[in-house]
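# Remarks on the overall topology
Residue strings, one per chain:
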Amino acid sequence: MIVLGTDLVERYFAERAGHRGIKAARAQYEAWRAIAERSQWKTPEDVKRAHPKVSTLKSGRVVFNIKANDYRLIALVQYAAGVLMIRFFGSHEEYDKVDPETV
């Protein structure tokens, strides 16, 4: 997959450098990103096989748990084009304040 929107996540980490647990979150995100970039997901089921705890939503959106669900990443996946666009990255508390269907 071509992963777009990584700047959004990098900005999040830069703004929170030094916060408790942020290094572990970055490591988990980088592992997730490596998997996503090597993948060729064609359907939501393909994503579910790679990440059993993922939530697939309407409109091609997918919610990934990062660092044991401490953080959430929402992506819009265009399966036919092989593109994954990161639309949101934040703590579970921050995730609760957004609408994952429209972010």
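Summarised in this report is the structure supplied together with it. Only a predicted model underlies this, so the values are computations on that prediction, with no experimental measurement involved. (Residues numbered from 1 in each chain as written. Predicted model: local features only at pLDDT ≥ 70, side-chain atom pairs only at ≥ 80, totals over all residues. Heavy atoms only, no water.)

All right, on to the overall build of the chain then. Helix and strand counts for the chain stand at 4 helices and 5 strands. Each helix and strand of the chain, ordered N terminal to C terminal, gives the series β-α-α-α-β-β-β-β-α. Against the compact-globule benchmark of 13 Å for 103 residues, the chain has a radius of gyration of 13 Å, which places it among compact chains. With the principal axes as the frame, the chain shows a C-alpha extent of 40 × 25 × 25 Å. Within the chain, the proportion of its 103 residues that are buried is 41%. Across the chain, every contact between residues at least 6 apart in sequence was considered, and the portion connecting residues at least 24 apart equals 44%. (Helix = DSSP H or I, 4+ residues; strand = E, 2+ residues; numbered from the N terminus. Rg over C-alpha atoms; globule rule 2.2 N^0.38 Å. Buried < 20%, exposed > 50% of the residue type's maximum accessible area, 1.4 Å probe, protein only. Contact = heavy atoms within 4.5 Å.)

Another aspect to go through is the nonpolar core. Formed by 24 residues in total, the largest nonpolar core has its most connected members in W32, F64, L73 and L84. If you list the elements that add at least two residues to this core, you get α1 (6–15), α2 (22–38), β3 (61–66), β4 (71–78) and β5 (83–91). No other element matches the 5 residues that α2 contributes to this core. With residues up to four places along the chain from it excluded, the contact list for L73 reads Y29, W32, V62, V63, F64, I66, I86, F88 and F89. (Core = buried A, V, L, I, M, F, W, Y, C linked by side-chain atoms within 4.5 Å.)

The end-to-end C-alpha distance of α2, which contains 17 residues, comes to 24 Å, matching closely the 24 Å that a straight helix rising 1.5 Å per residue would cover. Those residues of α2 lying buried are I22, A25, Y29, W32 and A36. Across the axial projection of α2, the buried residues extend over an arc of 80 degrees, all falling on one side. Those residues of α2 that are exposed and angled more than 90 degrees off the buried face are K23 and R38. (Expected span 1.5 Å × (residues − 1). Arc of directions from axis to C-beta.)

Right, let's talk about the pattern of salt bridges for a bit. A full pass over the atoms with the stated rule returns 7 salt bridges. Notably, a salt bridge pairs E37 with R33, separated by 2.9 Å at the nearest N-O pair. Note that E37 and R33 are positioned in helix α2 at a spacing of 4 residues, about one turn of the helix. Under the relative-accessibility criterion, E37 is labelled partly exposed at 38%. For D70, the salt bridge is made with K67, and the minimal N-O distance between the two is 2.7 Å. Connected through shared salt-bridge partners, E10, R26 and E30 make up one network. (Salt bridge = Lys/Arg side-chain N within 4 Å of Asp/Glu carboxyl O.)

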